[in-house]
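Chain by chain, the residues:
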Amino acid sequence: MPETWQQAVGEAITEATGDYFAIQSETPCGGGCINEATLLHGDAISYFVKLNDRSAEAMFATEFRALEAINSANAIRAPHPIALGQFAGRAFLVLEAIEFGAAPADWSAMGEQLATLHRKVSDRFGWAEGNYIGSSPQCNAWADDWTTFFREQRLRPQLEMAKRRGSPIRGAVHLLAAVDDLLAGHRPEPSLLHGDLWGGNAGHDASGSPVIYDPASYYGDRETDLAFTEMFGGFPPSFYAAYDRAWPRPAGYEQRKALYNLYHVINHANLFGGGYQSQAESVIRQLLA
Ligand code: ADP
């Protein structure tokens with residue numbers, strides 16, 4: 001029986017890889033938005049470990065499977081998921097450690113490789129399981145039609161969450177009724193998405209090559225990934241230029257962007273409250289105007 005979580009993680013790595021992993025040292029990373037994070041170093045290899053309380057086990061499991069899916073697409077670098085486990089009331093997720101680098105960051109490659117990821121398509125919208133957007137549950141029940149999926153699996157559950165926390169979003173009913181019109185004639189393919197692609201979940205490794213991580217994947221409209229990259233200021237122009245060279249965004253993207261990012265704005269209102277509530281209501285007013 002392991003005596004510390006570090007030992008438990010070491011055993012899980014040994015079992016998963018077939019190579020005995022003995023921890024020589026540790027570099028705590030301070031954590032991301034949600035989890036604690038640390039790098040465990042062995043003789044020749046290091047692993048990145050996310051830790052949280054036991055309730056995060058399901059979240060870690062969905063991240064593990066999304067990373068598997070992204071890696072199997074062979075389109076863009078994402079950490080290989082190594083192991084999942086728990087010890088003494090804590091859950092852990094072990095990933096390949098990525099050395100984020102000082103080399104010039106290649107944003108063109110990020111755009112081109114994201115388009116390649118998006119070329120991996122399904123015949124339906126959704127995902128094999130529900131997952132999480134931030135710490136909110138994200139519903140992914142399969143649908144043949146994108147508009148229905150976005151209305152019922154994205155907007156409606158977030159609007160219901162707002163109601164349940166006692167701060168219903170003004171304009172919600174009208175918005176849901178308007179989604180069909182707002183997306184009329186738009187027929188995207190069900191692309192494999194990162195699902196949570198803001199600047200905090202994208203970077204470059206030591207060779208300057210793009211890396212995406214912390215996904216909330218599903219098969220959906222690729223424009224939702226691009227829209228979210230723009231929500232907090234945007235990626236460099238070379239990213240969008242390279243994406244459009246590889247697979248141009250269809251006409252109407254600029255109009256759909258606000259609707260797509262509204263999902264994240266409402267999620268932020270549900271998670272953090274504050275100005276996001278009024279931002280969501282103002283976006284809805286503009287969309288309905
Ligand atoms: P959270 O799930 O808590 O939001 P993230 O997955 O966003 O955590 O990771 C937090 C930070 O840890 C990232 O911003 C990045 O700097 C670093 N990081 C993430 N994944 C790895 C990895 N595989 N190897 C090394 N560092 C990583």
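In this convention, every chain numbers its residues from 1, walking through the sequence in written order. A pLDDT threshold of at least 70 governs which residues receive local features in this predicted model, and a stricter bar of 80 or more applies before side-chain atom pairs are shown or counted, although totals over entire chains, interfaces and linings include all residues. Excluded from the side-chain calculation are hydrogens and water; included are all heavy atoms of the structure.

Attention shifts here to the sheet that holds strand S4 (residues 81–87). Strands pair, by our definition, only if DSSP identifies at least two bridges between them. Comment: elements are numbered from the N terminus, with helices defined as DSSP H or I runs of at least four residues and strands as E runs of at least two. Read from one edge of the open sheet, 5 strands run S1-S2-S3-S5-S4, paired in antiparallel fashion. Each edge of the open sheet carries a strand with a single partner, namely strand S1 (25–28) and S4. The mean angle between the axes of side-by-side strands here comes to 25 degrees, regardless of whether they run parallel or antiparallel. Summarising the sheet, strand S2 (residues 36–41) and strand S3 (residues 46–53) pair through 6 bridges and their orientation is antiparallel. Bridge pairing in S3 places Leu40 opposite Tyr47. Contacts from helix H2 (residues 57–72) reach S3, S4 and strand S5 (90–96), with the element oriented near 170 degrees to S4. The angle between two axes is taken between their N-to-C directions and runs from 0 to 180 degrees, where each axis is a line fitted to C-alpha atoms and a helix contributes only its stretch in contact. Contacts: residue pairs with any heavy atoms within 4.5 Å of one another.

Before going further, it helps to examine the pattern of salt bridges. Salt bridge criterion: a side-chain nitrogen from Lys or Arg within 4 Å of a carboxyl oxygen from Asp or Glu. Tallied over the full model, the rule gives 15 salt bridges. A salt bridge links Arg90 to Glu36, with the shortest nitrogen-to-oxygen separation between them at 2.7 Å. You can see Arg90 sitting in strand S5 and its partner Glu36 sitting in strand S2, a full 54 residues away along the chain. Between Lys50 and Asp214 there is a salt bridge, with the nearest N and O atoms lying 3.3 Å from each other. Of this pair, Lys50 sits in strand S3 while Asp214 is found in the loop between strand S10 (210–212) and strand S11 (219–220), placing the two residues 164 residues apart along the sequence. Overlapping salt bridges bring together Arg151, Glu152, Arg156 and Asp180 as one network.

Time to look at the packing of helix H4 (residues 146–164) against helix H8 (residues 253–272). Relative orientation of the contacting elements H4 and H8 amounts to 20 degrees, with a least axis distance of 9 Å. Relative to H8, the element H4 lies roughly parallel. Between H4 and H8 the crossing geometry is left-handed. Contact with H4, carried on its side by Trp146, Phe150, Arg154, Leu155, Gln158, Leu159, Met161 and Ala162, involves Leu259, Tyr260, Tyr263, Ile266, Asn267 and Asn270 of H8 and no other residues of that element. Should an angle lie under 35 degrees it is considered roughly parallel, over 145 roughly antiparallel, and from 65 to 115 roughly perpendicular; all remaining angles are considered oblique. Crossing handedness: left-handed means the near helix sits turned counterclockwise from the far one by under a right angle, and right-handed means the same turn made clockwise.

In this document the domain limits rely on a domain assignment from an automatic tool or a database. Here the chain is partitioned into domain 1 (5–96) and domain 2 (107–288). Taken residue by residue, the interface counts 18 residues in domain 1 and 23 residues in domain 2. Buried area between domain 1 and domain 2, summed over both chains or domains, comes out near 1,700 Å², and the portion from carbon and sulfur atoms is 72%. For domain 1, the biggest contributors to the area lost against domain 2 are Ile70, Ile76 and Arg77; these three give 33% of the whole. Linking domain 1 with domain 2 are 3 salt bridges. With a closest N to O distance of 2.9 Å, Arg77 and Asp205 form a salt bridge. Here a polar contact is recorded for every N or O atom pair within 3.5 Å, except that within protein the pair must consist of a potential hydrogen donor and a potential acceptor, and residues adjacent in sequence are included only if both atoms are side-chain atoms. Connecting domain 1 to domain 2 are 4 residue pairs in polar contact (both at pLDDT 80 or more). Residue contributions to the side of domain 1 that touches domain 2 peak at 9 residues, all from H2. Residue type decides the class: Asp, Glu, Lys and Arg count as charged, Ala, Val, Leu, Ile, Met, Phe, Trp, Tyr, Cys and Pro as nonpolar, and the leftover types, Gly among them, as polar. Residue composition of the side of domain 1 that touches domain 2, grouped by class: 13 nonpolar, 1 polar and 4 charged. The term buried area means the drop in 1.4 Å probe accessible area that two parts suffer when joined, counted for both and summed.

Glancing now at the side chain of Arg222. Mapped onto the elements, Arg222 comes out in helix H6 (residues 222–229). For every residue, the accessible area obtained with a 1.4 Å probe (protein chains only) is divided by the maximum for its type, and the residue is called buried under 20%, exposed over 50%, and partly exposed between those limits. Positive charges come from Lys and Arg alone, negative charges from Asp and Glu alone, with His and the N- and C-terminal ends not counted. Buried within the structure, Arg222 lacks any salt-bridge partner; Asp221 is the closest side chain of opposite charge, at an N-O distance of 5.3 Å. One polar contact links the side chain of Arg222 to the main-chain carbonyl oxygen of Trp247, over a distance of 3.1 Å. For Arg222, the residues in contact, after removing those within four places along its chain, are His118, Ser191, Leu193, Tyr243, Trp247, Pro248, Arg249 and Pro250.

All right, on to the nonpolar core then. Side-chain atoms within 4.5 Å are what join buried Ala, Val, Leu, Ile, Met, Phe, Trp, Tyr and Cys residues into a set we call a nonpolar core. The biggest cluster of nonpolar side chains holds 61 residues, and the ones touching the most others in it are Leu117, Leu155 and Ile212. The biggest single contributor to this core is H8, with 7 residues. With residues near it in sequence (within four places) discarded, Ile212 still touches Ile70, Ile76, Arg77, Ala78, Pro79, Met110, Leu117, His194, Leu197, Asn201 and Ala202. Core analysis: the next-biggest nonpolar cluster, separate from the first, contains 15 residues, Val9, Phe21, Tyr47 and Leu51 among them.

A few words on the pairing of S4. When you tally the buried positions in S4, you get 5 out of 7 residues, the bulk of the element. Taken together, the 6 bridges between S4 and S5 define a ladder with antiparallel strand orientation. Bridge assignment links Phe87 to a residue of S5, and that residue is Arg90. Taking the residues that link successive antiparallel strands as the turn, the S4-S5 hairpin has 2 residues, and the phi of Ala88 there is positive, at about 45 degrees.

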